[in-house]
Amino acid sequence: MKSKFKPIVMLAAFCFVAISCQKETVVDTDTAFHLQQNAFVRCINYNIDDVSFNVTIFGEHNWQLFLDEMIALTQNGHKVTIRRSDVSASNDKSRNVVVFETTNETEAHKWCNEMIDKGYEVTMTYDPRTGKYTCTAIGPDRTDSQSDTIS
Amino acid sequence: MKKNVTILFIFIAILSLVFSVIVMRLHLSSVSDVYRRYAGDEKLAVAFVKDYRIGDSITVDVTTITVKDSASWEVFLRSINVNELTIELQRDAKKKGNISVSTAYRVKNHPEILPSRKTDEQLDLILFSYQDYTVFIFDVESKKQAHLIANYKRKDYINKF
């Protein structure tokens, strides 16, 4: 091979190998939507004391851990707001109360049941005019709760 | 002759009394402890249903306590240690024309005792709404069963009212 073509060929070969070695898999939007519907994935925007965070949570176990951490924060006096696309949740900083709002009935039942299992007294209120479900979870007295600290 | 008739009537009266006591004891042995505790209260209508059907696949024993008027409703809820904020939520929902259903776990056979943190503690599910002034005490076997019952009853209240 002529010497002036050799660098070009080598560069092309290098690029080819570099591209081939990438392990990233790109899925189309239909597949991505299907994966999210069937796998447990939640994209959350949450605020702690007016500081905003975004997180994507994979797996129901991790979701439960996240929820436990948020509840621990509310029990320690922090204001927490959690948002998904169709669900929002916030707490009353002065009391051990967490409120979820959604127009999705299935999600509303799920939230209510999760909070009952954590020892909360939960009221589901349905507004027939707006179709909105509000789950208000009232926890035991602060003196009864564990004094977890979040680092 | 007259004396014999009198003795006969006394004998029949005693027999009837003994028979009534036996029937009452048999009835009470087939109902829940919660029923037995509240059945004597004249301000309450108490019922026990064995194998109450929830949907197509679940049967559960349930005790229902219905308060006869709105004035007594909040008094009764406080007597079973329902949180004051829950009572307030239900009151507000009623004023606004919304439907409100509350649920919580309680210690088995004691709707007034909140559960502790023990994982092996046996629990009942209580569910209540101002819509019909009724508290349901479900003898649940698992949290999964409790969820299905809670979902069913909430939907029932929303659809009915």
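Residues numbered from 1 in each chain as written. Chains lettered and ligands numbered in written order. Predicted model: local features only at pLDDT ≥ 70, side-chain atom pairs only at ≥ 80, totals over all residues. Heavy atoms only, no water.

*Asks:* Outline the nonpolar core, listing residues and values.
*Replies:* Counting residues in hydrophobic clusters, the biggest one holds 44 residues, and the most contacted among them are A:Phe66, A:Met70, A:Met115, A:Val122, B:Leu125 and B:Phe138. Take this core: its biggest share by element is six residues, from helix H3 (residues 60-75) of chain A. Beyond its immediate sequence surroundings of up to four residues, A:Phe66 is in contact with A:Ile44, A:Tyr46, A:Val55, A:Ile57 and A:Ile82. Judged by nonpolar contacts, the second largest core, of 22 residues, contains B:Val34, B:Tyr35, B:Tyr38 and B:Leu44. (Core = buried A, V, L, I, M, F, W, Y, C linked by side-chain atoms within 4.5 Å. Buried < 20%, exposed > 50% of the residue type's maximum accessible area, 1.4 Å probe, protein only. Helix = DSSP H or I, 4+ residues; strand = E, 2+ residues; numbered from the N terminus. Contact = heavy atoms within 4.5 Å.)

*Asks:* Give me the packing of aromatic side chains: which residues, what numbers.
*Replies:* Geometry of an aromatic ring pair is reported as the spacing of the ring centres plus the angle between the planes. By the definition in use, this model includes seven aromatic pairs over all chains. Judged by centre distance (4.7 Å) and plane angle (40°), the ring pair of A:Tyr126 and A:Tyr133 falls under tilted. Relative accessible area serves as the criterion here: at 7%, A:Tyr133 is assigned to the buried category. Among the aromatic residues, those joined into a cluster by ring pairs are B:Tyr52, B:Phe136 and B:Phe138. (Phe/Tyr/Trp six-rings, centres within 6.5 Å; stacked < 30°, edge-to-face > 60°.)

*Asks:* Can you lay out the interface of chain B and chain A for me, pointing to particular residues and giving the numbers?
*Replies:* Listed by partner, the interface residues are 26 residues for chain B and 24 residues for chain A. Roughly 2,200 Å² of surface becomes buried between chain B and chain A when both sides are summed, with 51% attributable to carbon and sulfur atoms. On the chain B side of the contact with chain A, B:Leu85, B:Arg117 and B:Arg154 bury the most area, a combined 23% of that side's loss. Linking chain B to chain A there are one salt bridge. (Buried area = accessible area lost by both parts, 1.4 Å probe. Salt bridge = Lys/Arg side-chain N within 4 Å of Asp/Glu carboxyl O.)

*Asks:* Can you tell me about the confidence of the model for chain A, naming the residues and giving the values?
*Replies:* Residues and elements named next belong to chain A. Scored by pLDDT, chain A comes out at a mean of 71, with 62% of its residues at no less than 70. When mean pLDDT is compared element by element in chain A, strand S6 (residues 121-127) scores highest at 95, while helix H2 (residues 29-38) scores lowest at 50. Across residues 142-151, where pLDDT falls below 50, the model places 18 contacts with residues more than four positions away in sequence or in other chains. (pLDDT = per-residue confidence, 0-100.)

*Asks:* Now, about the packing of helix H4 (residues 105-117) of chain A against helix H5 (residues 143-160) of chain B: what can you tell me, with residues and values included?
*Replies:* Taken N-terminus to C-terminus, the directions of H4(A) and H5(B) make an angle of 135°; their axes are 10 Å apart at the nearest point. When the axes of H4(A) and H5(B) are compared, the pair comes out oblique. Here the hand of the crossing between H4(A) and H5(B) comes out right-handed. Residues A:Glu105, A:His109, A:Cys112, A:Asn113, A:Ile116 and A:Asp117 of H4(A) lie in contact with H5(B), whose contacting residues are B:Lys143, B:His147, B:Ala150, B:Asn151, B:Arg154 and B:Lys155. For the contact of H4(A) with H5(B), the per-class residue count stands at three nonpolar, four polar and five charged. (Axes fitted to C-alpha atoms, helices over the stretch in contact; angles between N-to-C directions. Parallel < 35°, antiparallel > 145°, perpendicular 65-115°, else oblique. Left-handed = near helix turned anticlockwise from the far one by under 90°. Nonpolar A, V, L, I, M, F, W, Y, C, P; charged D, E, K, R; others polar.)

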